[in-house]
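# A structural walkthrough
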Amino acid sequence: MTQHRPFRWPQPLQGNRQEIWYGGDYNPEQWPEDVWDEDVALMRKAGVNLVSLGIFSWAKLQPAEDSWDFDWLDRIIAKLGAAGIAVDLASATASPPMWLTQAHPEVLWRDERGDVCWPGARQHWRATSPVFRKYALALCRAMAEHYRDNPYIVAWHVNNEYGCHNRFDYSDDAMRAFQEWCKDRYGDIESVNAAWGTSFWSQQMGDFSQILPPRFIGEGNFMNPGKLLDFKRFSSDALKSFFRAERDVLARITPDIPLTTNFMVSAGNSTLDYDDWGAEVDFVSNDHYFMPGEQHLDELAYSSSLVDGIARKRPWLLMEQSTGAVNWRNINYRKEEGQLIRDSLAHLAMGANAICYFQWRQSRSGAEKFHTAMLPHAGEDSRTFREVCELGRDLKRLGEAGLTESAVAKSSVAVVYDYESEWASEHTATPTQEVRHWTEPLDWFRALADCGITADVVPIRADWDSYEAVVLPSVYLLDEGQARRVRKYVAAGGKLFATYYTGIADGDDHIWLDGYPGAIRDVLGIRSEDFAPLGTDTEGVLDHLDLSNGTVAHDLADVITSVADTAKVLATYEAEEWTAMSGVPAVTLNIYGKGRAAYVGCRLGREGLAATLPDLLARMRVKGFDEASGASVLRVERVRTGGQERFVFLFNRTHRDVTVDIEGTVLVTSRATVHDDGSAATLKANGLLVMKR
Ligand code: GAL
C-alpha cells in the first residue's frame, strides 16, 4: 500500500469564499450554443458553482489525429467563469473517437472468449494497450497545456469511472501485463504456483510465459480461485497504473490544480479496490446511485460512510447521483417527494463537501435521454428544478454556517469492509453462492442504526482498531498480519463482533486449518467443523434454523462443535433431531485478554441482528446504544475542526411522521415542521433537520 497523496481540495475562484461545491456534469456539446446562456442563467438561479466538463468530449476536442479544437470549450468555460461557476475539467479520455479505434483496433478490449468489445458505447479501450496510452496521454498533455493558466479550472476530473465497462480485459496486452504483475508480486514462478495451489488439477506453470488471464474454460467448469483473485487485484492495478499515467502528465504541467477521479462506491460495487485507489488522488470523489425501496436511505448512508472511511475523514466530493430515476435498471423508479434534497444532505452529513449530479441538463438524444437531470425535459417549471434551487439555498446556508470546516464525528463502532474479501467470496465453488462479504456489513450498519448507533464503515487497511467496538462481518480473508491485529486489539480491551464466513482463508485464499474460523478461532473461543448451508432450492433440505433467542438464520450456519471455557453460549439452534443442529451454539461471547469477542455463527439478516444486538451491545457495554430512539431516525454529527461546535443531522428512516427534539439552532429543514414552542419537530417521510449545537 502506497503513502496517501497529501490532501488538496478545489479552491474557490478568486475573490470568492470557500462554499459547499454544488453542480453537476455538464455536456454543452449536446446542445446548440444558443442554449448555453440559458444554462448559465439557470445554474446561477439554482446556486450552482461547479460543473464537470469534457468527460466524453474526446471526438469533439480532437476530431482527427492531427487536428484539435478547443474553441467551443474555451467559449463555454469563459461564460461559466464570468458567472462565477468553476470548472472541474475532465482529461476527456473516457471514450475514444472512431478515427482512433478504426486506425488501431488493437486498443479495444477483449472478453473471456477473445471477442472484441467494439465501439458503440464508451470505455471500449484496454488499460494495458501501449497504443491507447500514447493517444490518451497526448490528449492529457494537450488539455493541460491549453488550460494551464485558465483561472476557472479548480480541479482535474481524470477519465471517468475507471473499470465501469472495461474492468476485465483478456487480450494479449493484458496477458503480458498480468505476467509482469505476477513477477512483481511473487518474484519466481514457484511462488505463483504455491499461491494459486496449482498442484490441484495439474495446473503447475514452468515459467511466467505460461500465466494466462482467466480466459474461457467452458461452461460449468471452475477457474482456479487463486488466479481469479489475483486477476481482480491485477485488473484494479492495471487501471490504476493507467490512471497514474494520466494524472502524472496533468500534474506535471498544472501542479497547482488538485486531481480526482470518480469512484463507484456503493453497497455491492467492488469493481476496483477503492481503498487502495484512495491513496492515489488529491481528494476522493464518488458516484452514488440510489437503490430504490426500503433500504434507500440506509444504503446511501452506509456507502457514504465507506467513502468517508476511504477518504480517511477528509472532505470528499459527491461527483454523481441522480435527481430522480436513472435509466439503466429494468424498472427505473422515481425518487419519492423529498428524496432529492434528503439524499444530498445525507451525503453531506457523511462528509461530502461538494454535492453534484449526473447531469445538469437532461439529454434529448443518446443512450441517457431518460436519465433524470437537474434541469429535466419539462424545463424550469418543474418540481425537480424547484427542489434543485431549494437545495442550492440549503447548501449555501450550511456553507455560511461553517459546515465545510467540519468532519464526521467518529462513531463508537467500526464496521469493517474489505474489497479483497468480497472478491474472493463472490467466486463459484463455495459452500453456498448465497453468501458474499458485502451483504453482511450493510446488515450490521442497518441493525446498529436500529439500535441508535450510526457506525463508521471502515476499510480494513484503515484505523478500525482505534474504535471502541469493531464488527468483522463475513470478512472471509484474514491474512496473518490482519489476524495478529485482531488479536492485539481484543487483548488490549477491544470489543469485537465477528460473524460466520470471517477469517476462513488467508490472503492467498488458502483455508486456515484445524477448524473454522482458523485465523481468529482463539480470540472467539469457538471451533466450527463444518458449514450448514440453508437453502430453498431443494425439497426436504434445511431452509432455515430457529435460534433460542427468537431470531431465524438463513443461508448459512456454522457447525460449532466446541466452545472455550472463557466463552459463554448466548443462543443455540432449536431444530429437529435429524438435523443434528439442535443445541449447536449460534451466538457466543468470549473473554480474551482485556477484551471481549462476540461471534454470530449464522446469517441473521438485518432484522435478526437488530433483535440480537441489544443484548450483545449491553453485555459489551458499547456506548451510544439507544434502542428506543434508534429505529426511526438516522443521526449523524459533524464536528467543527478544532472547536466544540457540532452539526447534527437527523433523517427520518420511516414513512411515518417522527418527532425529534431540537438540540440547537435549526439551520435547514426539509419536510419538517418545528413545533410552536421550539422544543421539537415533526419529520414527515423523507424529512430531515440540520442543527448547530
Ligand atoms: C455513470 C456515468 C455517467 C452517467 C451516469 C448515469 O456511471 O459516469 O456518465 O452515465 O452513470 O447514471
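Treat the numbers as computed from the prediction; the structure is a model and nothing was measured.

## As for the overall build of the chain
Along the backbone of the chain there are 18 helices and 26 strands. Taken along the three principal axes of its C-alpha coordinates, the chain extends 80 × 75 × 50 Å. Split into buried and exposed, the 693 residues of the chain put 60% on the buried side. Of the contacts made within the chain by residues no fewer than 6 positions apart, 73% connect residues no fewer than 24 positions apart. Surface accessibility of the chain: about 27000 Å² in total, with carbon and sulfur atoms responsible for 48%.

## Details of the site of the ligand
Around the ligand, the surrounding shell consists of Phe56, Arg122, Asn160, Glu161, Asp287, Tyr289, Glu320, Trp328, Phe358, Glu368 and His371. Within the side chain of Trp328, one N or O atom sits 2.8 Å away from an oxygen atom of the ligand. A per-class count over the shell around the ligand returns four nonpolar, two polar and five charged.

## Re the environment of Tyr333
Mapped onto the elements, Tyr333 comes out in the loop between strand 8 (316-320) and helix 11 (339-349). Considered as a pair, Tyr333 and Cys164 are 169 residues apart in the sequence and their alpha carbons are 22 Å apart. In contact with Tyr333, other than residues within four places in its own chain, are Phe290, Pro292 and Ala325.

## Here we look at the side chain of Asn224
With respect to the helices, strands and loops of the structure, Asn224 is situated in the loop between helix 7 (189-196) and helix 8 (225-253). In this structure the side chain of Asn224 is engaged in a polar contact, spanning 3.0 Å, whose partner is the backbone nitrogen of Lys227. Excluding anything up to four places from it in sequence, Asn224 contacts Trp196, Gly197, Thr198 and Gln203.

## Brief notes about helix 17 (residues 605-620)
Residues spaced three or four apart along an α-helix point in a common direction, a consequence of the helix completing one turn every 3.6 residues. Of all the bends in helix 17, the greatest, near 40°, is centred on Leu613, and the proline Pro614 appears no more than four residues after it. Among the residues making up helix 17, those that are buried are Gly605, Gly608, Leu609, Ala610, Thr612, Leu613, Pro614, Leu616, Leu617 and Met620. Positive phi appears at Arg621, one or two residues downstream of helix 17, with a value of about 50°.

## Examining the pairing of strand 3 (residues 86-90)
Burial analysis of strand 3 places five of its five residues in the buried class, which makes it a mostly covered element. The side-chain alternation of strand 3 yields two buried faces, one formed by Ala86, Asp88 and Ala90 and the other by Val87 and Leu89. Bridging between strand 2 (residues 50-53) and strand 3 involves four bridges; their strand directions are parallel. Its bridge partner being in strand 3, Ser52 is matched across the sheet by Asp88. One ladder, built from four bridges, connects strand 3 with strand 4 (residues 153-157); its direction is parallel. Each bridged residue has a counterpart across the sheet, and for Leu89 the counterpart in strand 4 is Trp156.

## A look at the domain arrangement of the chain
With domains assigned, the chain is organised as domain 1 (413-620) and domain 2 (633-692). On a C-alpha basis, the centres of domain 1 and domain 2 stand 34 Å from each other. Between domain 1 and domain 2, the residue contacts involve five residues of the former and four residues of the latter. Both sides of the domain 1 and domain 2 interface together cover about 320 Å² of buried area, and 42% of this is carbon and sulfur. The tally of links between domain 1 and domain 2 comes to one salt bridge. Arg653 is the salt-bridge partner of Asp450, the closest N and O atoms lying 2.8 Å from each other. The tally of links from domain 1 across to domain 2 stands at three residue pairs in polar contact (both at pLDDT 80 or more).

## Some details on a nonpolar patch on the surface
On the surface, Phe200, Trp201 and Phe222 cluster together into a nonpolar patch covering about 360 Å² of accessible area. Examined against the element boundaries, Trp201 turns out to sit in the loop between helix 7 and helix 8.

## A few points about the nonpolar core
Core analysis: the biggest nonpolar cluster contains 184 residues, and Leu345 and Phe497 have the highest contact counts within it. Viewed by domain, this core spans two of them, domain 1 (413-620) and domain 2 (633-692), each represented by three or more residues. Sequence-distant contacts of Leu345, that is, excluding residues within four places in its chain, are made with Leu391, Leu395, Leu398, Phe649, Phe651, Val668, Leu688 and Val690. Counting 15 residues, the second-largest nonpolar core is a separate cluster that includes Trp181, Ile189, Ile211 and Ala238.

## With respect to the sheet that holds strand 8
Spatially, 5-4-3-2-1-9-8-7-6 is the arrangement adopted by the nine strands of the open sheet, whose pairing is parallel. Either end of the sheet is taken by a strand with one partner, and the two such strands are strand 5 (259-260) and strand 6 (262-263). Both strand 4 and strand 5 contribute to a ladder of two bridges, which runs parallel. Along strand 5, the bridge assignment pairs His157 with Thr260.

## Digging into the packing of helix 14 (residues 439-450) against helix 17
Between helix 14 and helix 17, the shortest axis-to-axis distance is 8 Å and the interhelical angle comes to 55°. For the element pair helix 14 / helix 17, the angle class is oblique. Relative to helix 17, the crossing made by helix 14 is right-handed. Of helix 17, the residues touching helix 14 (which contributes Glu440, Asp443, Trp444, Arg446, Ala447, Leu448 and Asp450) are Gly605, Arg606, Leu609, Ala610, Leu613 and Leu617. Each residue belonging to the contact of helix 14 with helix 17 can be placed in one class, and the counts come to seven nonpolar, one polar and five charged.

## Quick notes on unusual backbone geometry
Residue Gln359 is bonded to the preceding Phe358 through a cis peptide linkage, with omega at -10°. In this chain, Tyr516 is followed by Pro517 through a cis amide linkage whose omega measures -15°. For Pro517, the location among the structural elements is in the loop between strand 14 (495-499) and helix 16 (521-524). Positive phi values are uncommon outside glycine, yet Ala92 reaches one of about 70°. Along the polypeptide, Ala92 turns up in the loop between strand 3 and helix 4 (98-103).

## Here's the deal with the environment of Ala90
Mapped onto the secondary structure, Ala90 falls in strand 3. The spacing of Ala90 and Trp58 is 32 residues in sequence and 9.9 Å in space, taken between C-alpha atoms. Other than its neighbours up to four places away in sequence, Ala90 contacts Leu53, Gly54, Ile55, Met143, Trp156 and His157.

## Considering the side chain of Thr372
Of note, Thr372 is situated in the loop between strand 9 (352-357) and helix 12 (383-400). What makes Thr372 buried here is its relative accessible area of 19%. A distance of 3.5 Å separates polar atoms of two side chains, one belonging to Thr372 and the other to Thr323. A distance of 2.7 Å separates a polar atom in the side chain of Thr372 from the backbone oxygen of Ala325. Those residues in contact with Thr372 that lie beyond four places of it in its chain are Ser322, Thr323, Gly324, Ala325, Phe358, Gln359 and Gln362.

## Focus: the state of the cysteines
Here a disulfide denotes one covalent bond, and it connects the sulfur atoms of two cysteines. The final tally for this structure, using the stated rule, is zero disulfides. Looking at the unpaired Cys356, the closest cysteine sulfur is the one in Cys389, lying at 16 Å. On the basis of relative accessibility, which here comes to 2%, the residue Cys356 falls in the buried class. Free of any disulfide, Cys602 has its nearest neighbouring cysteine sulfur in Cys451, separated by 16 Å.

Reading the values: the criteria
Residues numbered from 1 in each chain as written. Predicted model: local features only at pLDDT ≥ 70, side-chain atom pairs only at ≥ 80, totals over all residues. Heavy atoms only, no water. Helix = DSSP H or I, 4+ residues; strand = E, 2+ residues; numbered from the N terminus. Buried < 20%, exposed > 50% of the residue type's maximum accessible area, 1.4 Å probe, protein only. Contact = heavy atoms within 4.5 Å. Areas by Shrake-Rupley, 256 points an atom, 1.4 Å probe, with all protein chains shown as cover. Near = heavy atom within 4 Å. Polar contact = N/O pair within 3.5 Å; in protein donor to acceptor, adjacent residues only side chain to side chain. Nonpolar A, V, L, I, M, F, W, Y, C, P; charged D, E, K, R; others polar. Bend = angle between axes of the 7 residues up to and from the residue. Pairing = 2+ DSSP bridges. Domains from an automatic or database assignment. Buried area = accessible area lost by both parts, 1.4 Å probe. Salt bridge = Lys/Arg side-chain N within 4 Å of Asp/Glu carboxyl O. Patch = residues over 30% accessible without salt bridge, like charges linked within 9 Å, V, L, I, M, F, W, Y side chains within 5 Å. Core = buried A, V, L, I, M, F, W, Y, C linked by side-chain atoms within 4.5 Å. Axes fitted to C-alpha atoms, helices over the stretch in contact; angles between N-to-C directions. Parallel < 35°, antiparallel > 145°, perpendicular 65-115°, else oblique. Left-handed = near helix turned anticlockwise from the far one by under 90°. Disulfide = S-S within 2.5 Å.

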